[in-house]
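# Remarks on the overall topology
The residues making up each chain are set out below.
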Amino acid sequence: MIDFGGWDMPVQYPAGTIEEHLRTRTHAGLFDVSHMGEIDVRGADAIAFVNRLTSNDVTKLVDGQAQYSTLTTPEGTVIDDLLVYRLAQDHLLLVVNASTTDKDWEWIKSHHAGEPVELNNVSSDYCQLALQGPDALSILQKLTDLPLAEIKYYHFNHGTVDGVAGIISRTGYTGEDGFEVYAPADRAEQLWNKILDAGDSGSPTGVIPCGLAARNTLRLEAGMALYGHEIDETTTLLEANLGWICKLDKGDFIGREPLARQKAEGVKRKLVGFEVTERGIARDDQEVVVNGELVGRVTSGSPAPFLKKNIGFAYVPVEFASVGQEIKIDVRGRLVAAQIVKTPFYKRPK
Amino acid sequence: MANVPEDLHYSKDHEWVRVDGDQAIIGITDYAQNSLGDVVYVELPKAEEEFAANEAFGSVESVKAVSEVFTPVAGVVVKINESLADEPETVNSDPYGDGWMIRVKMSNSGEVDSLLTAAEYEDFTKAESE
């Protein structure tokens, strides 16, 4: 167990990280992600208010739809990445990272200038469980009458799981199909146990409980950013390959101007994915060397259990950011060869 | 409960030593492999490299972390376990057998006497877990 953003969480369960990772890709994994924060935004101006503070276009959402987005600084860098859920035209739910919940809450409140919007930090009211993998739907369907196959990716509905009312969302952080269930905080244990039971957790092909280490290796393989690594207040959305959630044409939002400028001028550095091509594992914060010069840094580096490779993300100058570019990583004093590859590293079969 | 074979010597860094004449075979204990989790990479020295007692001779990597491994006795490496390059997980499945890491010719065979016995190591790990 470790302290993760102020929460006591398991790094792994007895089966171990590799088994947790592989089982999630082949059957199902269950993650207790109740540490995530939730901020409730209500009122006639809810959409306009959140649209001003985030990079993606909230006006494009319909009821029951969610979008990946970022809270941006005036410099166009990232305060946090988050999901914006539209429950109704006057009701949004923002789901943010655990380590940044307080920061985000203060930031959002500080930008409330009296417009008709009601803000509430409801993080402690919610628990959140993520069931991910090809078997996730069939397992969760045993516990709910909501026709899960009708919930499209990045959409959600209200329903009950084992009789507990909550939000069931077709989202996740693993690159697999799956669902995230938001429910009252005091029902976490009940839902956890019921899902493990419904998913036959004792069987080698059943659902497996997963810790933080597997959560990290899964999201890395799937090419997803982790706040504090690929994105933070020093990285712009465009540098971080998040141009796709940076809707410069939607109207004004915090950080829009420097991002528009950077889009016109081009970025100077870029986030790239790489694969280690000789023996060795690249780790977070190790230096990237090209032609004998230190040119960048690894943001996340780890073995990829499903791909059976060692992979990572790094920021490099744009001139070295092409797929195929050979780089070296300084692994504790030894220069280890790597190559820039396309991301995501892993894409689930259709 | 971790396995602690009677016939071995132990260090407080969770390495074990099996004495074979004037040579010592070294690896990490069951307690250590269990704490580390799945071993995905083992870095070993080359034959003929020399190490002082308690010097790091290599490292063991799990998915999440890198840990150095230390030789409890001084000596010159005569053999390394090459199979760990392709099968690092052997350290988890057989830490005292096929998961051995290096074999050294000891500079001073008497050094093993200052290592922990199985019983002492067991007490040590119990205290560490509390």
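Parameters and conventions
Residues numbered from 1 in each chain as written. Chains lettered and ligands numbered in written order. Predicted model: local features only at pLDDT ≥ 70, side-chain atom pairs only at ≥ 80, totals over all residues. Helix = DSSP H or I, 4+ residues; strand = E, 2+ residues; numbered from the N terminus. Rg over C-alpha atoms; globule rule 2.2 N^0.38 Å. Contact = placed C-beta atoms within 7 Å. Core = buried A, V, L, I, M, F, W, Y, C linked by C-beta atoms within 7 Å. Buried ≥ 20, exposed ≤ 12 C-beta atoms within 10 Å, placed from the backbone. Domains from an automatic or database assignment. Pairing = 2+ DSSP bridges. Axes fitted to C-alpha atoms, helices over the stretch in contact; angles between N-to-C directions. Parallel < 35°, antiparallel > 145°, perpendicular 65-115°, else oblique. Left-handed = near helix turned anticlockwise from the far one by under 90°. Nonpolar A, V, L, I, M, F, W, Y, C, P; charged D, E, K, R; others polar. pLDDT = per-residue confidence, 0-100.

Here we take up the overall build of chain A. Per the secondary structure count, chain A includes seven helices and 19 strands. Compactness check: chain A gives a C-alpha radius of gyration of 20 Å against a globular reference of 20 Å for 350 residues, within 12% of the reference. Each of the three principal axes of chain A carries a C-alpha extent, and together these read 60 × 55 × 35 Å. Considering only contacts within chain A whose residues lie at least 6 apart along the sequence, 67% involve residues at least 24 apart.

All names here are of chain A. Of all hydrophobic cores here, the largest spans 123 residues; its most connected members are Leu92, Leu129 and Leu131. Of the residues that make up this core, three or more belong to each of domain 1 (1–223) and domain 2 (268–341). Ignoring anything within four residues of it in the chain, the contact list for Leu129 reads Leu30, Phe31, Asp32, Val33, Val181, Leu191, Trp192 and Ile195.

Turning our eyes to something else, we now look at the sheet that holds strand S7 (residues 91–96) of chain A. Through backbone hydrogen bonds, the strands of a sheet pair up, either in parallel or in antiparallel fashion. Residue and element names in this part refer to chain A. Taken in spatial order, the five strands make up an open sheet running S5-S6-S7-S4-S8, and their pairing is antiparallel. The open sheet has two edge strands, strand S5 (65–72) and strand S8 (118–121), and neither has a second partner. Averaged over all adjacent pairs, the angle separating strand axes in this sheet is 25 degrees, with direction ignored. As judged from the eight bridges shared by S5 and strand S6 (residues 78–88), these two strands associate in the antiparallel manner. When the sheet's bridge partners are listed, Tyr68 is paired in S6 with Leu83. Against the sheet, helix H3 (residues 101–110) engages strand S4 (37–42), S5, S6, S7 and S8, with an angle of about 20 degrees to S4.

All names here are of chain A. Among the eight residues in strand S14 (residues 269–276), six count as buried, and that is most of the element. Sheet topology places S14 next to strand S17 (residues 309–317); seven bridges connect them, and they run antiparallel. Looking at S17, one finds that Val272 is bridged to Ala314. Pairing of S14 with strand S19 (residues 334–341) involves four bridges; the strand directions are antiparallel. Residue pairing in the sheet places Glu275 in a bridge with Gln339 of S19.

Once that is clear, we can look at the packing of helix H1 (residues 17–26) of chain A against helix H6 (residues 212–221) of chain A. Residue and element names in this part refer to chain A. Look at H1 against H6: their axes get within 9 Å of each other, and the N-to-C directions meet at 50 degrees. Accordingly, the angle class assigned to the pair H1 and H6 is oblique. When the axes of H1 and H6 are compared, the crossing they make is right-handed. On H6, the residues touching Thr17, Glu20, His21 and Thr24 of H1 are Ala213, Ala214, Thr217 and Leu218. Residues of the contact of H1 with H6, tallied by class, amount to three nonpolar, four polar and one charged.

This next bit is on the pairing of S19 of chain A. Residues and elements named next belong to chain A. By the bridge criterion, six bridges tie strand S18 (residues 326–331) to S19 in an arrangement that is antiparallel. Counted as the bridge partner of Asp330 is Leu335 from S19. A loop of two residues connects S18 with S19, the two strands running antiparallel in sequence, and Arg332 in this loop sits at a positive phi of about 50 degrees.

Moving on to the interface of chain A and chain B. Between chain A and chain B, the residue contacts involve 11 residues of the former and eight residues of the latter. Within the residue set of the side of chain A that touches chain B, elements represented by two or more residues are H1, H6 and strand S16 (293–304) of chain A. Each residue belonging to the side of chain A that touches chain B can be placed in one class, and the counts come to five nonpolar, five polar and one charged.

Bringing unusual backbone geometry into the picture now. Geometrically, the link from Thr343 of chain A to Pro344 of chain A is a cis peptide bond, its omega value of 5 degrees lying close to zero. On the secondary structure map, Pro344 of chain A appears in the segment after S19. A positive phi angle, close to 70 degrees, is found at His14 of chain B, a residue other than glycine. Relative to the elements of secondary structure, His14 of chain B occurs in the loop between strand S1 (9–10) and strand S2 (15–20). For His14 of chain B, a count of 24 C-beta atoms within 10 Å puts it in the buried group.

Further remarks concern the confidence of the model for chain B. A low pLDDT score tells you not to read the predicted coordinates there in detail. Averaged over all residues, the pLDDT of chain B equals 96, while 100% of them reach at least 70. Prediction confidence for the complex, expressed as pTM and ipTM, is 0.95 and 0.89 respectively.

Below, the discussion takes up the sheet that holds strand S12 (residues 178–184) of chain A. All names here are of chain A. What the six strands build is an open sheet, ordered S10-S11-S12-S9-S3-S13; its pairing is mixed. Each edge of the open sheet carries a strand with a single partner, namely strand S10 (156–161) and strand S13 (207–210). Strand-to-strand twist across the sheet, computed as the mean angle between neighbouring axes with direction ignored, equals 25 degrees. Sheet topology places strand S3 (residues 28–32) next to S13; four bridges connect them, and they run parallel. Looking across to S13, one finds that Phe31 is bridged to Cys210. Where H1 meets the sheet, it contacts S3, strand S9 (126–132) and S13, and its direction lies at approximately 135 degrees from that of S13. Contacting S3, S9, S10, strand S11 (164–169), S12 and S13, helix H5 (residues 188–198) runs over the sheet at an angle of about 15 degrees to S9.

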